[in-house]
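Structure assessment
Spelled out from the first residue to the last, the chains are:
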Amino acid sequence: MRTFGVEEEFFIVDPYTGLPVAPPAAARAHLLALSVDGTRTVGEFLACQVESNGPVCTHGGEALASARTYRATLARATLDMGLQAVPLGTPPRFPEPPAVVSPGDRYRAITSLCEGIATEHYLCGLHVHVGIEDTCSGVIALNEIRRWLPVLTACGSNSPYWRGSDTGFASWRNIHYRRWAVQGIPPHFTDELDYERRVRFMLDSDVVLDAGHISWGARLSAHHPTLEVRVADAQLNAANSVLLALIVRSLVDTSLNGVPRTAPLLAEALDLAQWQAAKFGLHGNHLDPLDGTKTSATRMLRSLLDYIQHALKQNGDFEYVSAGLERLMEHGTGADIQRARFHRGGFNAVLDEAAAAIAA
């Protein structure tokens, strides 16, 4: 089976104020040294963030066990420091001064170039890497998966709050990302040479510092034979992280297994669909990824499941994914859960829910 890996980003917050906080140097070093069952910890753009890099997996069960074990370990480690780790796409509140950027030449260069954006980059996401055979296969998969990115955005929405207010969006993180130079739905590529030509053009510009600075919602890794999808917010629970990862793997499988390809949707249609997904989550109207017509969230998820069901069954993931999508429709996305908790107990209840979810 095709391999995959999961990267999850977390905020470190003060449990009394609920504000993101950069741990002291010794505590940060301890967090970055955490390594659990093949999952290691790396720093992120802001000093108040950490990222988990999960192992290369073949089965959903091993990915779920790894993510849960790591999350519980991170929760205990931060609690011992008098802090909390929370899996939210954006923190409900954050300090007024510019954020503390993590040390490193690359982060300093990005901040120098885009200070007004970089110092407000309070964003945490879920990144899924799926193994590909080569760049040619990656471009084929990228062309097909782009139409499904709004669906993944809607399912993975978990960032409704910003600066102490409800933004009116399910995924404010995705809206915030639109401020960067290269973002959103990637273009349709003619072939591998076209992909390489376009990437080279951007890297030769003055505003894209390296391949990691290309913030499309899906892209090919510059360092590993993987396709990376990065539209979902950080997820409240590990089960949803793995759900989205298994969907992404099946989308890649389906795109490379001879399924008849439909005509590319208009770039402006996908851009609008991405905005709709960030706005409504799994509510409101959406764009059908196959024919570009207006559809409901329920029918959109049905189209997704129909499209990938063969790959899911081959990988043994059909029951997990179908049950997970039903759970999302019944209980809501992270954004829905955050709003429900807020109406019961304000931002303290939101953060309590997030802290409990990571430790579960």
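The following paragraphs examine the structure supplied in this document. In this numbering scheme, every chain counts its residues from 1 along its sequence in written order. Selection of residues for local features in this predicted model requires a pLDDT of at least 70, selection of side-chain atom pairs for listing and counting requires 80 or more, and totals for whole chains, interfaces and linings are taken over all residues. The side-chain numbers reported here are obtained from all heavy atoms of the structure, hydrogens and water having been left aside.

1. Structural notes on the side chain of Ser 255
Note the following rule: Here a helix means four or more residues in a row that DSSP labels H or I, a strand means two or more in a row labelled E, and each is numbered from the N terminus. Exposed residues in this analysis have more than 50% of their type's maximum accessible area, buried residues have under 20%, and partly exposed residues fall in between, with area computed by a 1.4 Å probe over protein chains only.
If you trace the backbone, Ser 255 turns up in helix H9 (residues 238-256). Residue Ser 255 is classed as buried on the basis of its relative accessible area of 2%.

2. Brief notes about the side chain of His 176
Note the following rule: By the convention used here, residues are in contact when the closest approach between their heavy atoms is within 4.5 Å.
Within the fold, His 176 resides in helix H7 (residues 172-177). Not counting chain neighbours up to four residues away, the residues in contact with His 176 comprise Ile 117, Glu 120, Leu 123 and Trp 162.

3. Brief notes about the pattern of salt bridges
As a reminder, the rule being used: A carboxyl oxygen of Asp or Glu within 4 Å of a side-chain nitrogen of Lys or Arg is what we treat as a salt bridge.
This structure, assessed with the given rule, holds 17 salt bridges. When the shortest N-O distance is used, the salt bridge between Arg 219 and Glu 228 registers 3.0 Å. Across the pair, exposure class does not vary: Arg 219 and Glu 228 are buried alike. Across the pair Glu 353 and Arg 341 runs a salt bridge, and its minimum N-O distance is 2.9 Å.

4. Some thoughts on the packing of helix H5 (residues 135-145) against helix H8 (residues 192-203)
Selection criterion: Orientation is described by axes fitted as lines to C-alpha atoms, over the contacting stretch for helices, and by angles from 0 to 180 degrees between their N-to-C directions. The labels follow the angle: roughly parallel below 35 degrees, roughly antiparallel above 145, roughly perpendicular from 65 to 115, and oblique for the rest. Polar here means any residue outside two lists: the nonpolar Ala, Val, Leu, Ile, Met, Phe, Trp, Tyr, Cys and Pro, and the charged Asp, Glu, Lys and Arg; Gly therefore counts as polar.
Running from N to C, H5 and H8 point in directions that differ by 85°, and their axes come no closer than 9 Å. It follows that H5 is roughly perpendicular to H8 by the angle criterion. Residues Thr 135, Cys 136, Val 139 and Leu 142 of H5 pack against Glu 192, Tyr 195 and Glu 196 of H8. Residue composition of the contact of H5 with H8, by class: 4 nonpolar, 1 polar and 2 charged.

5. Notes on the environment of Ile 145
Inspection of the secondary structure assignment puts Ile 145 in helix H5. Filtering out sequence-adjacent residues up to four positions away, Ile 145 remains in contact with Ala 218, Leu 227, Val 229, Val 248, Leu 251 and Val 252.

6. Some details on the pairing of strand S3 (residues 39-43)
The criterion, for reference: Pairing between strands is defined by DSSP: at least two bridges between them are needed.
For strand S2 (residues 35-36) and S3, the ladder comprises 2 bridges, and the chain directions are antiparallel. Note on S3: the bridge partner recorded for Val 36 is Thr 39. From the end of S2 to the start of S3, which pair antiparallel, there are 2 residues, and Asp 37 there has a positive phi angle of about 50°. The pairing of S3 with strand S4 (residues 49-53) spans 4 bridges and is antiparallel. Considered in S4, the bridge of Thr 41 is made with Ser 52. Taking the residues between adjacent antiparallel strands as the criterion, S3 and S4 are bridged by 5 residues.

7. Observations concerning the environment of Ala 359
Within the element layout of this structure, Ala 359 appears in helix H13 (residues 334-359). For Ala 359, a relative accessible area of 44% puts it in the partly exposed group. It is 9.4 Å that separates the C-alpha atoms of Ala 359 and Val 86, two residues lying 273 residues apart in sequence. Setting aside residues up to four positions removed in sequence, Ala 359 forms contacts with Ala 72 and Ala 75.

8. Digging into the layout of surface pockets
Spelled out, the test is: Grid points spaced at 1 Å over the protein atoms alone were grouped into cavities, where a 1.4 Å probe fits but cannot get out, and pockets, open sets with protein on both sides within 12 Å along at least five of seven lines, with lining residues defined by an atom within 4 Å of a point. Grid points are joined across faces, edges and corners, and a volume is the space filled by probe spheres set on the points.
Approximately 1200 Å³ is the volume attributed to the largest pocket. Within the residue set of the lining of the largest pocket, elements represented by two or more residues are strand S1 (4-13), S3, S4, helix H3 (105-113), strand S6 (126-131), H7, strand S11 (218-220) and strand S12 (226-229). When the residues that make up the lining of the largest pocket are grouped by side-chain class, the tally is 15 nonpolar, 19 polar and 11 charged. Taken together, 15 residues form the lining of the second largest pocket, with Tyr 195, Val 199, Leu 220, Ser 221 and Ala 222 sitting closest to its centre. In terms of residue count, H8 provides more of the lining of the second largest pocket than any other element does, 4 residues in total. Grouping the amino acids of the lining of the second largest pocket by side-chain chemistry returns 9 nonpolar, 2 polar and 4 charged.

9. So, H8
Selection criterion: Between the first and last residue of a helix there are one fewer steps than residues, each counted as 1.5 Å, and that sum is the expected span. Directions drawn from the helix axis to the C-beta atoms are what define this arc. Here a polar contact is recorded for every N or O atom pair within 3.5 Å, except that within protein the pair must consist of a potential hydrogen donor and a potential acceptor, and residues adjacent in sequence are included only if both atoms are side-chain atoms.
For H8, spanning 12 residues, the distance from its first C-alpha to its last is 17 Å, which sits close to the expected 16 Å at 1.5 Å a residue. All of the buried residues in H8 are Asp 194, Tyr 195, Val 199 and Met 202. Mapping the buried residues of H8 onto a view down its axis gives an arc of 130°, with all of them on the same face. Opposite the buried face of H8, at more than 90 degrees from it, the exposed residues are Leu 193 and Phe 201. In the core, the buried residues of H8 are packed alongside H5, strand S10 (215-216) and S11. Capping the start of H8 is the job of one residue whose side-chain oxygen sits 3.2 Å from the backbone nitrogen of Leu 193: Asp 191.

10. Concerning the pairing of S4
Each regular strand carries side chains that alternate between the two faces of the sheet. The buried fraction of S4 amounts to 5 of the 5 residues, a majority that puts the element mostly inside the structure. Of the two faces of S4, the one holding Gln 49, Glu 51 and Asn 53 and the one holding Val 50 and Ser 52 are both buried throughout. Here 5 bridges tie S1 to S4, and the two strands are oriented antiparallel to one another. Each residue of the ladder has a partner; that of Glu 9, found in S4, is Glu 51.

11. Observations regarding empty space enclosed by the protein
Scanning the entire structure with this criterion turns up 5 cavities of 30 Å³ or more. Put simply, the largest cavity is a space of about 160 Å³. Forming the walls of the largest cavity are 15 residues, and the residues nearest its centre are Asn 174, Tyr 177, Gly 184, Ser 215 and Gln 274. Breaking the lining of the largest cavity down by element, the ones donating at least two residues are H7, strand S9 (183-184), S10 and helix H10 (267-280). Among the elements that take part in the lining of the largest cavity, H7 stands out by supplying 4 residues, more than any other. Grouping the amino acids of the lining of the largest cavity by side-chain chemistry returns 6 nonpolar, 6 polar and 3 charged. Of the voids in this model, the second largest cavity is the one considered here, and its volume is about 100 Å³. Considering the residues around the second largest cavity, the lining is formed by 13 residues, among which Val 6, Thr 39, Gly 54, Ser 66 and Ala 67 are closest to the centre. Taken together, the elements giving at least two residues each to the lining of the second largest cavity come down to S1 and helix H2 (60-80).

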